[in-house]
Amino acid sequence: MSSVDPNRRPSNAGRYLFLLILGLVLGVVATVMAMRALEQRKDHFPEALMHVQQWHMGQLKGDMEQNRCNATDVLPHLQALRLSANDLEAAFPDLRDDARFKTAASAMRAAADKAVANPPLTCEGVGAAMKSLGESCKACHQDFRS
């Protein structure tokens, strides 16, 4: 005789497991889509400006390490730093009216103006210009970077 109960219904565990996995996959996909949509709405200008300035400072450091400290090597990077310093207030509109931010942005422009007006001709001069620029960056970052 067989021990199988003819009135017993098959288990729904497989269906529930499938629905659980499907729900998890759909939830992950929806989360990724929502995160990307929020990221697209974000203003990337402040980050881009900081990346550009950081890149130019890195190029100046690389020129120093390679002993390429002629004015023709470093002046384009100093000019780019000065030009991008004009956009600091536009890049950070929430801070535009903050007196500390205005002071820091002015200090950055002043350091860049000094370096462009009297281009360093030696690696020591490039180092001094970078130190001055770096200090102005550091002052702002200490107050406003989170």
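Structure first, text after, so check above.
Residues numbered from 1 in each chain as written. Predicted model: local features only at pLDDT ≥ 70, side-chain atom pairs only at ≥ 80, totals over all residues. Heavy atoms only, no water.

**Q** Give a description of a nonpolar patch on the surface that names residues and reports values.
**A** Taken together, L17, L20, I21, L24, V25, V29 and M33 make up a surface patch of nonpolar side chains, about 680 Å² in accessible area. With respect to the element layout, V29 can be found in helix α1 (residues 13–41). (Patch = residues over 30% accessible without salt bridge, like charges linked within 9 Å, V, L, I, M, F, W, Y side chains within 5 Å. Areas by Shrake-Rupley, 256 points an atom, 1.4 Å probe, with all protein chains shown as cover. Salt bridge = Lys/Arg side-chain N within 4 Å of Asp/Glu carboxyl O. Helix = DSSP H or I, 4+ residues; strand = E, 2+ residues; numbered from the N terminus.)

**Q** Before we move on, can you summarise the packing of helix α3 (residues 71–85) against helix α5 (residues 99–117) with the specific residues and values?
**A** At their nearest, the axes of α3 and α5 sit 9 Å apart, and the two run at 150 degrees to each other. The pairing of α3 with α5 is recorded here as roughly antiparallel in orientation. In this structure, α3 crosses over α5, and the sense of that crossing is left-handed. In this structure, α3 uses L75, L78, Q79, L81, R82 and A85 to contact α5, whose residues at the interface are M108, R109, A112, D113, A115 and V116. A per-class count over the contact of α3 with α5 returns 8 nonpolar, 1 polar and 3 charged. (Axes fitted to C-alpha atoms, helices over the stretch in contact; angles between N-to-C directions. Parallel < 35°, antiparallel > 145°, perpendicular 65-115°, else oblique. Left-handed = near helix turned anticlockwise from the far one by under 90°. Contact = heavy atoms within 4.5 Å. Nonpolar A, V, L, I, M, F, W, Y, C, P; charged D, E, K, R; others polar.)

**Q** Account for the side chain of S136, naming residues and giving values.
**A** By the secondary structure assignment, S136 is in helix α6 (residues 123–144). Excluding its chain neighbours within four sequence positions, the residues that come into contact with S136 are A107 and M108.

**Q** Could you give an account of the state of the cysteines, naming the residues involved and the relevant values?
**A** Linking two cysteines covalently through their sulfur atoms gives a disulfide. Tallied over the full model, the rule gives 1 disulfide. The residue that forms a disulfide with C69 is C123, at a sulfur-sulfur distance of 1.9 Å. As the torsion about the S-S bond is roughly 95 degrees, the C69-C123 disulfide counts as right-handed. Here C69, found in the loop between α2 (45–65) and α3, pairs with C123, found in helix α6; they are 54 residues apart in sequence, far enough to count as distant. Residue C69 shares its accessibility class with C123, and that shared class is buried. Here C137 stays unpaired: no disulfide links it, and the sulfur of C140, its closest cysteine neighbor, is 8.0 Å away. Here C140 falls in the buried class, since its relative accessible area comes to 15%. (Disulfide = S-S within 2.5 Å. Buried < 20%, exposed > 50% of the residue type's maximum accessible area, 1.4 Å probe, protein only.)

**Q** Quick rundown of the pattern of salt bridges? Include the residues and the values.
**A** Close approach of charged atoms lets side chains of opposite charge pair. What the rule picks out here adds up to 6 salt bridges. Across the pair D63 and R68 runs a salt bridge, and its minimum N-O distance is 3.7 Å. Looking at R68, the relative accessible area reads 37%, which means it is partly exposed. Note that E89 is salt-bridged to R109, the shortest N-O span being 2.9 Å. Taken as a pair, E89 in helix α4 (residues 88–91) and R109 in helix α5 lie far apart in primary sequence, 20 residues in all. Like R109, E89 is buried.

**Q** Break down the environment of L75 for me, with residues and values.
**A** Here L75 lies in helix α3. Among the residues examined, L75 registers a relative accessible area of 21% and is labelled partly exposed. The residues contacting L75, other than those within four sequence positions of it, are V116 and P119.

Everything listed here is a matter of coordinates, which is why it stays silent on function.
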